[in-house]
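Given next are the chains, with one letter for each unit.
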Amino acid sequence: MCEKKDATATGEPAPAKADDSTTAPAPGGGVRRRPFEGEWMPEDYFRRAAWEEVFPDYDGGPVEVDLGSGDGTFLATMAAGMPGHRFLGVERLLGRVRACCRKVREAGALDRARVLRLESLYTVRWLLPLASVQRLHLLFPDPWPKKKHHQRRIFSESFLGDVAQVLKPGGEVLFKTDDADYAEWARERVPSGGPWTHLPWQEGDFFYPTTDFEARWLAQGRAIHRLRLRFEGGAA
Ligand SMILES: C[S@@+](CC[C@H](N)C(=O)[O-])C[C@H]1O[C@@H](n2cnc3c(N)ncnc32)[C@H](O)[C@@H]1O
């Protein structure tokens, strides 16, 4: 579980901070942090983006989104290993956005991966282009193990409804956790008779790099639980 939290968990876009490493004057006054190389800072946080704004040479190919991309090993390794695909990491903590961008640069994948510093639910609900995402990865999100905190878990019926807006028909959600209760809870949130089909997913079925947190849990001998859903199209 992730211990670090910050104010961007509120569902609002991350505000520019005057003490961020480098800042520039923003239109209308104030300051705007300069993006790291590899970071995507939207011009407008209040409308859905087009992928051409994120990836300047976008050619219409598959786009994958990694929510809560952490220190970025998964994102950078995917981007390096799947040249025909574009990858957007979404992460709320500045230090992790910086680490993610560095890993993408070091992997030589700056042409196909970007990192957005923003809250995941906000990003899916308001910012991502509709019906445009091939795969959405939700890997080791905070499990919020106490029952009174379960409503803070990102995986919910309403989250799936928002995800259904941005996935292409045939697109997939891939979820991993080390928390058996969260895995079961997530399965129970998937409506039966809706647009979601459960797909089998065993370790090694396809190219899928180990994440930073996964490596930590595996080293501790913890079991990993997987959920793979295909969106069949239509309303969630
Ligand atoms: C447990 S870590 C997992 C990181 C990475 N997926 C991995 O497996 O190594 C969860 C990450 O999600 C980020 N995070 C948690 N809630 C978030 C939210 N609502 N929006 C964006 N990022 C979030 C945390 O800052 C953290 O980096």
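Now for a look at the structure at hand. Note that the structure is predicted; figures quoted are calculated from it, not measured.

## Describing unusual backbone geometry
One non-glycine residue, F140, adopts positive backbone phi at about 55°. With respect to the helices, strands and loops of the structure, F140 is situated in the loop between β6 (133-139) and α5 (157-166). According to the C-beta neighbour criterion, F140 is buried, with 23 such atoms within 10 Å.

## Regarding the sheet that holds β6
Reading across the sheet, the seven strands line up as β5-β4-β3-β6-β7-β9-β8 and stay open at both edges, with mixed pairing between neighbours. Strands with a single pairing partner mark the edges of an open sheet, and in this sheet they are β5 (113-117) and β8 (196-198). Adjacent strand axes in the sheet meet at a mean angle of 20°, parallel and antiparallel pairs treated alike. Along the sheet, α5 makes contact with β6, β7 (167-177) and β9 (225-231), crossing β7 at roughly 140°.

## Regarding the site of the ligand
Around the ligand, the surrounding shell holds 20 residues, and the nearest of these are G68, G70, S120, T211 and F213. When contributions to the shell around the ligand are tallied by element, the ones reaching two or more residues are β4 (86-91) and α7 (212-219). No other element matches α7, which puts three residues into the shell around the ligand. When the residues that make up the shell around the ligand are grouped by side-chain class, the tally is eight nonpolar, five polar and seven charged.

## What about the environment of A49?
Along the chain, A49 falls in the loop between β2 (31-33) and α1 (51-54). Note on A49: 20 C-beta atoms within 10 Å, which makes it buried. Separated by 79 residues in sequence, A49 and L128 place their C-alpha atoms 5.9 Å apart.

## Some thoughts on α5
Within the sequence span of α5, burial applies to F159, L160, V163, A164 and V166. All buried residues of α5 project into a common sector of 160° when viewed along the axis, lining one side. Seen from the open side of α5, the exposed residues pointing more than 90 degrees away from its buried face are E157 and S158. Buried residues belonging to α5 abut α4 (120-127), β6, β7, α6 (180-189) and β9.

## Describing the pairing of β4
Within β4, six of the six residues are buried, which leaves the element mostly enclosed by the surrounding structure. The pairing of strand β3 (residues 63-67) with β4 spans five bridges and is parallel. In the strand pairing of β4, D66 is matched with G89. The parallel pair β3 and β4, bridged by helix α2 (residues 73-81), forms a crossover whose chirality is right-handed.

## Quick look at the nonpolar core
Grouped together as the largest cluster of nonpolar side chains are 50 residues, with contacts concentrated most on V65, L75, A79, V104, L136 and V163. Every residue in contact with V104, bar those within four places of it in the chain, is listed here: G38, G72, L75, A76, A79, A109, L110, A113 and V115.

## Remarks on the pairing of β3
By the criterion of burial, β3 is predominantly enclosed, with five of the five residues buried. With burial as the criterion, each face of β3 is covered, one bearing V63, V65 and L67 and the other bearing E64 and D66. Bridge analysis of β3 against β6 gives four bridges, and the strand direction is parallel. Considered in β6, the bridge of D66 is made with H137.

## Description of the packing of α4 against α5
The geometry of a pair of packed helices is captured by two quantities: the angle between their axes and the separation between those axes. Direction vectors running N to C along α4 and α5 enclose 45°, while the axes themselves pass 8 Å from each other. It follows from the interaxial angle that α4 and α5 lie oblique. For the element pair α4 and α5, the recorded crossing hand is left-handed. Residues L121, V124 and R125 of α4 form the contact with α5, whose participating residues are F159, D162, V163 and V166. Classifying every residue of the contact of α4 with α5 by side-chain character gives five nonpolar, no polar and two charged.

Criteria and cut-off values
Residues numbered from 1 in each chain as written. Predicted model: local features only at pLDDT ≥ 70, side-chain atom pairs only at ≥ 80, totals over all residues. Helix = DSSP H or I, 4+ residues; strand = E, 2+ residues; numbered from the N terminus. Buried ≥ 20, exposed ≤ 12 C-beta atoms within 10 Å, placed from the backbone. Pairing = 2+ DSSP bridges. Axes fitted to C-alpha atoms, helices over the stretch in contact; angles between N-to-C directions. Contact = placed C-beta atoms within 7 Å. Near = placed C-beta within 6 Å. Nonpolar A, V, L, I, M, F, W, Y, C, P; charged D, E, K, R; others polar. Arc of directions from axis to C-beta. Right-handed = clockwise from strand over helix to strand, strands pointing away. Core = buried A, V, L, I, M, F, W, Y, C linked by C-beta atoms within 7 Å. Parallel < 35°, antiparallel > 145°, perpendicular 65-115°, else oblique. Left-handed = near helix turned anticlockwise from the far one by under 90°.

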